[in-house]
Amino acid sequence: MSNQEENLIDVNHGTQLHKMHGDQKVLEQELENVFGRSWLFLTHESIIPNHGDYVVTKMGTDEVIVSRQENGDVKAFLNVCRHRGAQLCPHEAGNAKGFVCSYHGWGYGNTGELQAVPFDKEVYGGLLDKCKNSLHEVAKVENYNGFIYGCFDENSPSFSDYLGDLKWFLDPYFEHSGGLELIGPPARCLIKANWKCSAENFVGDAYHVGWTHASALRTGESVFTPLAGNSTPPTEGLGLQITSKFGSGLGVLWDAYAGIHDSSLINDMMQWATIKEQQLAEKIGADRARIYRSHLNTTIFPNNSFLTGSGVFKTWQPIDKDTTEVFTWTMVEKDMPEELKQRIAMSVQRTFGVAGYWESDDNDNMESETYMTKGFQARNKNLNAQMGIGNDVYNGKYPGVVCESAIGETSYRGYYRAYSAFINANSWHEIEDKSSNWADILTNAKTK
Ligand code: UNU
Ligand code: FES
Ligand code: FE
């Protein structure tokens with residue numbers, strides 16, 4: 001990479017070049033070095049519960065089939081025929097023992113093996129080695145409390161090492177709550193924005209909530225409505241920001257389980273979470289039980305974002321430098337009454353669905369920050385990421401690099417520190433190497 005691209009991100013000084021949001025060469029590097037090495041969200045076990053159940057989804061610009069095997073494992077394959085490269089499975093979900101290509105009829109088992117080739121003996125003279133023509137398999141698949149992630153690089157750390165310090169904050173809701181489920185199939189839509197605009201927003205931008213979403217907050221009375229229009233400054237003790245070694249990060253807004261949901265859901269959701277918090281306190285202690293009942297805005301590096309409590313769960317898949325396919329699922333607790341799950345799913349569509357009234361607020365900003373990179377002068381200028389710089393603490397009261405303030409850019413800097421390591425590395429070994437002093441880099445960062 002050119003020297004300039006190496007300097008795309010400068011978290012030491014809280015700056016980065018605007019063109020990172022609109023450069024096709026940068027996207028090509030991302031597909032190889034970020035999407036090619038990271039753990040990417042695929043689906044949830046509740047969506048493919050039975051043998052043979054499959055979904056077709058995206059990993060970056062690649063389409064993959066995710067299939068539940070006879071032994072209960074999950075495998076993922078490129079959705080591409082080994083013969084001429086036609087799309088193998090044209091459906092978005094189903095149940096199948098195998099897949100037959102529509103072009104010449106090569107047939108694959110859902111294990112990925114090439115099993116049937118028309119006129120095999122007659123046209124290949126028995127010389128076609130089927131074993132060498134299995135579907136291209138995603139190197140690793142792991143299940144985190146029902147959430148299934150895949151990685152193209154077999155040298156990656158395990159998913160739980162990849163989550164690093166974030167795991168301590170996520171486990172109360174994802175594991176100790178008794179488990180979650182995703183309601184699919186996901187809504188899918190295209191936005192004219194770079195995929196990172198959304199990922200960086202969810203990783204830790206509590207700053208925009210009161211302003212960007214002012215009218216949404218006033219329209220749908222929620223636990224966040226007091227933030228509307230920035231009418232009151234953020235109080236001390238409102239929340240935290242956390243980041244981790246490989247860029248995953250989150251923001252905590254204390255005691256705000258009902259999140260973005262309007263008044264029709266606040267009482268039922270807060271009551272639900274209050275009872276469960278009390279049960280959890282005995283199991284995992286009061287501090288982490290409180291985290292369960294708080295609101296977490298999160299991005300699992302690089303492109304999987306969610307809001308706990310609010311129940312919004314998304315992936316951001318690049319199509320090109322300024323087009324992103326957004327996938328949206330509803331996330332609920334497994335043991336919630338069916339009726340409550342349905343009301344939450346409706347509310348997620350109203351707020352953060354394809355034309356949700358929160359989602360549209362955000363997308364206007366994402367699209368404008370992407371569009372402005374068309375300006376040659378503008379795209380070579382730096383952006384500012386200095387908020388709260390110098391106040392980040394490593395392994396203090398909490399694990400990870402943490403700032404005890406609801407609003408700041410701690411998780412943003414942590415995300416782009418990791419991004420910079422990935423984009424300039426050619427292997428997981430190099431990512432690890434460039435990340436060994438990650439916490440020092442972040443805690444010693446200074447404004448230029
Ligand atoms: O980052 C967000 N989209 C968000 C953060 C939403 C609600 C609360 C905090
Ligand atoms: Fe944040 Fe303009 S105030 S982008
Ligand atoms: Fe937003």
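Here the structure is a predicted model, which means the values were calculated and not measured. (Residues numbered from 1 in each chain as written. Chains lettered and ligands numbered in written order. Predicted model: local features only at pLDDT ≥ 70, side-chain atom pairs only at ≥ 80, totals over all residues. Heavy atoms only, no water.)

### Focus on the packing of helix H2 (residues 24-33) against helix H14 (residues 410-423)
The relative placement of two packed helices is expressed as an angle between their axes plus a distance between the axes. How we decide: Where helices are involved, their axes are fitted lines through C-alpha atoms of the stretch in contact, as for all axes, and angles between N-to-C directions lie from 0 to 180°. Secondary structure elements are taken from DSSP: a helix is a run of H or I of four residues or more, a strand is a run of E of two residues or more, and numbering for both begins at the N terminus. Every angle not falling under 35 degrees, over 145, or within 65 to 115 is termed oblique; those three ranges are roughly parallel, roughly antiparallel and roughly perpendicular. Any pair of residues with heavy atoms lying within 4.5 Å of one another is described as a contacting pair.
At a minimum axis distance of 9 Å, the contact between H2 and H14 shows a crossing angle of 85°. Comparing their axes, H14 and H2 come out roughly perpendicular. Every residue of H14 that contacts H2 at Val26, Gln29, Glu30 and Asn33 is listed here: Tyr419, Phe422 and Ile423.

### Considerations on the coordination of the iron ion (ligand 3)
Rule in force here: Counted as donors are N, O and S atoms no farther than 2.8 Å from the metal, or 3.2 Å for Na, K and Ca; water is not among the atoms, and sites may therefore look incomplete. The cut-offs for exposure are 20% and 50% of the maximum accessible area for each residue type, with area from a 1.4 Å probe on protein chains only; residues under the lower value are buried, those over the upper are exposed, and the others partly exposed.
At this site the iron ion (ligand 3) is bound by His208 (NE2), His213 (NE2), Asp362 (OD) and Asp362 (OD), with donor distances of 2.1 to 2.4 Å. Sequence positions of the donors to the iron ion (ligand 3) reduce to the motif H-x4-H-x148-D. Placement of His213 in the loop between helix H7 (209-212) and helix H8 (214-219) and of Asp362 in helix H12 (residues 359-371) is noted, with a sequence separation of 149 residues between them. Comparing His213 with Asp362, the two get one shared label, buried.

### Describing the site of ligand 1
The cut-off we apply is this: Proximity is defined per residue: if any heavy atom of the residue lies within 4 Å of a molecule or strand, that residue is considered near it. Two N or O atoms form a polar contact when they lie within 3.5 Å of each other; inside protein one atom must be a possible hydrogen donor and the other a possible acceptor, and for residues adjacent in sequence the pair counts only when both atoms belong to side chains. Each residue receives one of three labels: charged for Asp, Glu, Lys and Arg, nonpolar for Ala, Val, Leu, Ile, Met, Phe, Trp, Tyr, Cys and Pro, and polar for the others, Gly being one of them.
With respect to spatial proximity, the complete set of residues near ligand 1 consists of Asn201, Phe202, Asp205, His208, Val209, Phe224, Leu253, His295 and Asn297. Between Asn201 and ligand 1, the recorded distance is 3.3 Å, taken from a backbone N or O atom to an oxygen atom. Secondary structure elements with two or more residues in the shell around ligand 1: helix H6 (195-204) and strand S16 (295-300). For the shell around ligand 1, the per-class residue count stands at four nonpolar, four polar and one charged.

### Describing the environment of Thr447
Summarising the element assignment, Thr447 is placed in the segment after helix H16 (438-443). Thr447 has contacts with His13, Gln386 and Ile389, leaving out every residue within four places of it along the chain.

### Details of the pairing of strand S3 (residues 40-44)
For clarity, the threshold we go by: Two strands qualify as a pair provided DSSP detects at least 2 bridges between them.
Buried residues dominate S3, accounting for five of its five residues. As paired elements, S3 and strand S12 (residues 147-151) share four bridges and run antiparallel to each other. Paired with Phe41 across the two strands is Tyr149, which belongs to S12.

### Things to note about the sheet that holds strand S5 (residues 62-68)
Strand order in this open sheet of four strands is S6-S5-S4-S7, and the pairing throughout is antiparallel. In this open sheet, the two strands that pair with only one neighbour each are strand S6 (74-78) and strand S7 (93-95). This sheet shows a mean twist of 30° between the axes of neighbouring strands, independent of strand direction. Note that strand S4 (residues 53-59) and S5 share six bridges and pair antiparallel. Along S5, the bridge assignment pairs Val55 with Val66.

### Brief notes about the domain arrangement of the protein chain
The cut-off we apply is this: Each domain's limits were defined by an automated method or a database of domain assignments. Two parts placed together each lose some accessible area under a 1.4 Å probe, and adding up what both lose gives the buried area.
When cut into domains, the protein chain gives domain 1 (40-141) and domain 2 (164-444). Computed from C-alpha coordinates alone, the two centres of domain 1 and domain 2 are separated by 33 Å. Between domain 1 and domain 2, a total of about 1,100 Å² is buried, with carbon and sulfur atoms accounting for 59% of that surface. Contact with domain 2 buries area across many residues of domain 1, yet Phe41, Ile47 and Lys58 alone supply 44% of it, more than any other trio.

### Focus: the pairing of S16
Of all six residues in S16, six are buried; the element is thus mostly enclosed. What you see with S16 is no split at all: His295, Asn297 and Thr299 on one side and Leu296, Thr298 and Ile300 on the other are buried throughout. Relative to S16, strand S15 (residues 249-253) runs antiparallel, the two sharing five bridges. When the bridges of S16 are listed, Leu250 appears paired with Thr298. Here S16 runs beside strand S17 (residues 304-307); their pairing, made up of four bridges, is antiparallel.

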